[in-house]
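Results of the structural survey
Spelled out, the chains give:
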Amino acid sequence: PTNSKRGTASRVSLSPTAARGVKRERTDHDGDQARRVNQRTGKEAAAPEQHKEEEKSMETLVLDDLNSADEDFLADTLYKLLVLLRRKNGELLGNLSRRQAEFIQLGGHATVVRVMNAHIECITIQENGAGVLANLCSYSNISAVETTGKVRGIQAVVEAMKAHPLERDVIHKGIVALLNLSSGNEVNATLLVTKLEAMPFIVKRANDFLGDEAMTKSYCCLLDSLSKFILLRNSLLYNAKAAPVLALAMTNYRDNASIQKSTRTALRNLIQQP
């Protein structure tokens, strides 16, 4: 694959932990500047908290910040949206559903797809964009799944994965997004498997990252979900050749109950004839 464009945007987090590190680094840098100024003026140093950015509303993030042309800023905005659309520990599902509905009402799903398409070479935009779509369609949100599919969300995720085939976080978030987008939705699943013919590529990526337990778990869940649709089984079995990777996953992760369960179900479905 060709070299991916990282630029300054590559410094934005590839993970939540890394993202927080970037924010701390920027805060500390601002604090150092304040201390240098104060040393010259002789005034008391300002607290670092004064330099922290105020939390923005979803409306501002979607309608204003996602219209920026700066890739660094866009990647950071997508990460903030990813966090907003993530279910917090102990949170009622209804609260998350309301945020998901607000995001769709603001046109956020279509805007994220547009941003991903316009900045296909930026790794962090593709990673965080796929993460936003994955969280938007989480917990079987039927409305979000249908609406995001209609604005070519599946195509955007597949293109992101193909543009950055060696980037672990892009591939993993892409698989999770495709899982959530196709789970229980035959239209989206058929688009992914037969119309886009994306599964041979995804199977190869899963095989290359077979040593990554978290990604393997997501891949097995995706195959479990897709194999429930009878008309897709032959394509998954013969065109995508999905079974060998499932078998390897079952062998390599004997102690992972989730992988064992989803793999057994997927293999059983695939060998059953319509």
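Up top is the structure these notes are about.
On a predicted model such as this, the values are computed, not experimentally measured, just so you know. (Residues numbered from 1 in each chain as written. Predicted model: local features only at pLDDT ≥ 70, side-chain atom pairs only at ≥ 80, totals over all residues. Heavy atoms only, no water.)

Re the overall build of the protein
For the protein, the count of helices and strands is 15 helices and zero strands. Counting across all 274 residues of the protein, residues that qualify as buried make up 49%. Excluding contacts between residues fewer than 6 apart, the proportion of contacts in the protein whose partners are at least 24 apart in sequence is 70%. Here the protein has roughly 13900 Å² of accessible surface; of this, 51% comes from carbon and sulfur atoms. (Helix = DSSP H or I, 4+ residues; strand = E, 2+ residues; numbered from the N terminus. Buried < 20%, exposed > 50% of the residue type's maximum accessible area, 1.4 Å probe, protein only. Contact = heavy atoms within 4.5 Å. Areas by Shrake-Rupley, 256 points an atom, 1.4 Å probe, with all protein chains shown as cover.)

A word on the pattern of salt bridges
Between side chains of opposite charge, pairing is possible as soon as their charged atoms come close. One pass over the structure, following the stated rule, counts nine salt bridges. Salt bridges sharing common partners tie together Arg168, Asp169 and Asp212. (Salt bridge = Lys/Arg side-chain N within 4 Å of Asp/Glu carboxyl O.)

Here we look at the nonpolar core
One finds Leu81, Phe103, Leu192, Met199, Ile202 and Tyr219 to be the most contacted residues of the largest nonpolar core, which totals 71 residues. With seven residues, helix H9 (residues 168–182) is the single largest residue contributor to this core. In this structure, Phe103 is in contact with Met58, Val62, Leu81, Leu85, Gly108, His109, Val112, Val132 and Leu136, ignoring residues within four places of it in sequence. (Core = buried A, V, L, I, M, F, W, Y, C linked by side-chain atoms within 4.5 Å.)

A word on the state of the cysteines
By the definition in use, this model includes zero disulfides. Left unpaired, Cys220 is separated from the closest cysteine sulfur, that of Cys221, by 7.1 Å. (Disulfide = S-S within 2.5 Å.)

Quick look at the layout of surface pockets
Volume-wise, the second largest pocket comes out at about 570 Å³. At the level of elements, helix H3 (71–84), helix H6 (123–136), H9 and helix H12 (213–226) are the ones that each hand at least two residues to the lining of the second largest pocket. The residue inventory of the lining of the second largest pocket, partitioned by class, reads 11 nonpolar, 11 polar and six charged. (1 Å grid on protein atoms, 1.4 Å probe; cavity = no way out; pocket = protein on both sides within 12 Å on 5 of 7 lines; lining within 4 Å. Points joined across faces, edges and corners; volume = space filled by probe spheres on them. Nonpolar A, V, L, I, M, F, W, Y, C, P; charged D, E, K, R; others polar.)

So, unusual backbone geometry
One non-glycine residue, Ser140, adopts positive backbone phi at about 50°. Here Ser140 lies in the loop between H6 and helix H7 (142–150). We classify Ser140 as exposed; its relative accessible area is 60%. At Lys241, a position not held by glycine, the phi torsion is positive, near 55°. Tracing the sequence through the fold places Lys241 in the loop between helix H13 (233–239) and helix H14 (243–252). On the basis of relative accessible area, Lys241 is assigned to the exposed category, the value being 52%.

Regarding the packing of aromatic side chains
Taken as a whole and assessed by the stated rule, the structure comprises zero aromatic pairs. Over the ring of Tyr139 we find Arg87; its NZ or CZ atom is 5.0 Å from the centre of that ring. (Phe/Tyr/Trp six-rings, centres within 6.5 Å; stacked < 30°, edge-to-face > 60°. Lys NZ or Arg CZ within 6 Å of the ring centre and 35° of its normal.)

Comments concerning H9
Taking 1.5 Å as the rise per residue, H9 with 15 residues should run 21 Å; its terminal C-alpha atoms sit 21 Å apart, in good agreement. Along H9, the residues that are buried comprise Asp169, Val170, Ile171, His172, Gly174, Ile175, Ala177, Leu178, Leu179, Asn180, Leu181 and Ser182. Just downstream of H9, Gly184 is the residue with a positive phi angle, here 75°. (Expected span 1.5 Å × (residues − 1).)

Structural notes on H12
With 14 residues, H12 extends 20 Å from end C-alpha to end C-alpha; this agrees with the ideal 20 Å at 1.5 Å per step. With 10 of 14 residues buried, H12 is to be regarded as a mostly interior element. On the buried face of H12, the contacting elements are H9, helix H10 (186–195), helix H11 (199–208), H13, H14 and helix H15 (257–271). Where H12 starts, the residue carrying a side-chain oxygen 3.2 Å from the main-chain nitrogen of Ala214 turns out to be Asp212. (Polar contact = N/O pair within 3.5 Å; in protein donor to acceptor, adjacent residues only side chain to side chain.)

Remarks on the packing of helix H5 (residues 108–118) against H6
Taken N-terminus to C-terminus, the directions of H5 and H6 make an angle of 160°; their axes are 10 Å apart at the nearest point. One element, H5, and the other, H6, form an angle in the roughly antiparallel class. Remark: the crossing between H5 and H6 carries left-handed chirality. Touching His109, Val112, Val113, Val115 and Met116 of H5 are Ile125, Gln126, Gly129, Ala130, Val132, Leu133 and Leu136, all from H6. In the contact of H5 with H6, the residues fall into nine nonpolar, three polar and no charged. (Axes fitted to C-alpha atoms, helices over the stretch in contact; angles between N-to-C directions. Parallel < 35°, antiparallel > 145°, perpendicular 65-115°, else oblique. Left-handed = near helix turned anticlockwise from the far one by under 90°.)

So, the environment of Ile120
Looking at where Ile120 falls in the secondary structure, it is placed in the loop between H5 and H6. Considered as a pair, Ile120 and Lys162 are 42 residues apart in the sequence and their alpha carbons are 9.9 Å apart. The contact partners of Ile120, leaving out residues within four places of it in the chain, are Gln126, Glu159, Ala160, Ala163 and His164.

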